[in-house]
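Chain by chain, the residues run as shown.
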Amino acid sequence: MCDCGAARRPGPPRRMDPALAERAVRDAAAAGLREVIPSTLGEPLLWAGLDRLVDLCAALGVSLNVTTNGTFPGRGPVRWAERLVPVASDVKISWNGATPATAAAVMPGLDLPRAIDDLRAFVAVRDALERGRAKGQPDEAAPERAGGAAEREPRARAPRGERPPGRRTRISFQVTAQEANVGELADVVRLAASLGVERVKVNQLQVRRPALADRSLLRSVAAIRRWNAAVAAMRAAAEAAPLPSGGRVLLENVAPLAEDPAAPAPRGPCPFVGREAWLHPDGRLAPCPHPAAARGELGDFGSAAGAPLLALWSAPALRSFVAAWPAHPVCGSCPFRRPGGA
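Everything numeric in this text was worked out from a predicted model, so none of it was measured.

Undergrad: So what exactly am I meant to see when it comes to the pairing of strand β3 (residues 88-94) here?
TA: Where a strand is regular, its side chains alternate between the two sheet faces. Along β3, seven of the seven residues are buried, which leaves the element largely enclosed by surrounding structure. Pairing between strand β2 (residues 63-68) and β3: five bridges, direction parallel. When the bridges of β3 are listed, Asn-65 appears paired with Asp-90. The β-α-β motif built from β2, the intervening helix α3 (residues 76-84) and the parallel element β3 has right-handed crossover chirality. The pairing of β3 with strand β5 (residues 170-177) spans five bridges and is parallel. Among the inter-strand pairings, Val-91 is bridged to a residue of β5, identified as Ile-171.

Undergrad: Any chance you could explain the pattern of salt bridges here in plain terms?
TA: Side-chain pairing between opposite charges can occur once the charged atoms of the two side chains come close. Applying the stated criterion across every chain, the model contains 20 salt bridges. A salt bridge links Asp-90 to Arg-170; the shortest N-O distance between them is 2.8 Å. A salt bridge links Asp-90 to Arg-199; the nearest nitrogen and oxygen atoms lie 3.3 Å apart. The structure contains a network of salt bridges with shared partners spanning Asp-90, Lys-92, Arg-170, Arg-199 and Glu-252.

Undergrad: How should I be thinking about empty space enclosed by the protein in this particular structure?
TA: Take a probe with the size of a water molecule and roll it over the atoms, and the empty space left behind shows itself. What the second largest cavity holds in volume is close to 80 Å³. Around the second largest cavity, the lining comprises 13 residues; the ones closest to its centre are Cys-270, Val-273, Cys-288, Cys-331 and Cys-334. Residues of the lining of the second largest cavity, tallied by class, amount to eleven nonpolar, one polar and one charged.

Undergrad: Just to check I follow, could you spell out the nonpolar core for this structure?
TA: The nonpolar side chains of a soluble globular protein tend to be buried, and buried together. Core analysis: the biggest nonpolar cluster contains 91 residues, and Leu-64, Trp-95, Leu-119, Phe-173 and Met-234 have the highest contact counts within it. Sequence-distant contacts of Met-234, defined by excluding residues within four places in its chain, comprise Leu-185, Ala-186, Val-189, Val-202, Trp-227, Leu-251 and Val-254.

Undergrad: Honestly, the packing of aromatic side chains in this entry has me stumped. Any pointers?
TA: The relation between two aromatic rings is expressed through the spacing of the ring centres and the mutual angle of the planes. One pass over the structure, following the stated rule, counts five aromatic pairs. Between Trp-95 and Phe-173, the aromatic rings sit 4.5 Å apart at their centres with planes inclined by 15°, giving stacked as the arrangement. Residue class for Trp-95 comes out buried when judged on its relative accessible area of 3%. For Phe-173, a relative accessible area of 0% puts it in the buried group. Ring centres of Phe-272 and Phe-336 lie 6.0 Å apart, and the angle between their planes is 85°; this geometry places the pair in the edge-to-face category. Separated by 64 residues along the polypeptide, Phe-272 in the loop between β7 (250-252) and β8 (276-279) and Phe-336 in the segment after α11 (329-332) bring together distant segments of the chain. The exposure class of Phe-272 is buried, given its relative accessible area of 16%. By the ring-pair criterion, three or more aromatic residues cluster together here, those being Phe-272, Trp-278 and Phe-336. Geometry around Trp-80 places Arg-75 over its ring, the cationic atom sitting 4.4 Å from the centre. The lysine or arginine in question, Arg-319, covers the ring of Trp-313, its NZ or CZ lying 5.0 Å from the ring centre.

The rules behind these values
Residues numbered from 1 in each chain as written. Predicted model: local features only at pLDDT ≥ 70, side-chain atom pairs only at ≥ 80, totals over all residues. Heavy atoms only, no water. Buried < 20%, exposed > 50% of the residue type's maximum accessible area, 1.4 Å probe, protein only. Helix = DSSP H or I, 4+ residues; strand = E, 2+ residues; numbered from the N terminus. Pairing = 2+ DSSP bridges. Right-handed = clockwise from strand over helix to strand, strands pointing away. Salt bridge = Lys/Arg side-chain N within 4 Å of Asp/Glu carboxyl O. 1 Å grid on protein atoms, 1.4 Å probe; cavity = no way out; pocket = protein on both sides within 12 Å on 5 of 7 lines; lining within 4 Å. Points joined across faces, edges and corners; volume = space filled by probe spheres on them. Nonpolar A, V, L, I, M, F, W, Y, C, P; charged D, E, K, R; others polar. Core = buried A, V, L, I, M, F, W, Y, C linked by side-chain atoms within 4.5 Å. Contact = heavy atoms within 4.5 Å. Phe/Tyr/Trp six-rings, centres within 6.5 Å; stacked < 30°, edge-to-face > 60°. Lys NZ or Arg CZ within 6 Å of the ring centre and 35° of its normal.

Dropping the structure here:
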């Protein structure tokens, strides 16, 4: 789990100045910015700068990739869908159970029946907008008023203000696998299929505080076996439960693990370094989302608060790290180099 719900500690701001986010996006868009992720900690739909960022991404032809807790604060699911779907490539809903008790145990205060109803409403708007787009009708979601990580991987983009052709806004469940919900993961897949949620992305619980250790499915042979059994059940559920479209729910990071916690599978390449630019709320640039990067343990890569993002991206500090990251001790033991942080 993350520290976003912890008591406020002294230190840098936890919300980015919208003007800083806009400068960084404009700067990177000139070099082929592909996608903006406005938050990976906290609830982006509560950020005061999100409306302006949505408008900016639409104007620049840049995709928005949003992860939300699914409570759709302030506007409700219909108005948020109208706002996000025209520019979003993916909307990930944090979803951690198939029964009310489990969902509330992992996300305290969550009302699962209401969350399901809200998600149905969100999906219905997405589908209606997609049908209109297929008929050649423009999106009708009007701006109401005029962060995060930016993935910088050049590709052909649509003209400014237009949605890239053929792109569909995917809706995903983002699940944190742990002892509390391992027995319901297959039911989560079946629920996703019934709701029209195209992807279930599963991440292993990251033990960043001692109190979380007993929740991890990586801590023992028995826990890993429970995970492996859940993998088989999730795969079977995806095959047996089609989406309303007739397709199958895409499972991500759903793979069996070696049973010995001391001998996990070899780590793969880093999915972040050299491909993504991570900006912390105060503007500091990081090469990846590892907590060590936030603490400055990977190096000082400058701040977009004081320099253009592209200048920081091409500066010697980051280029040197990109060239030598495999030798860094943090990278050598990084769980993000295994699917789902395993």
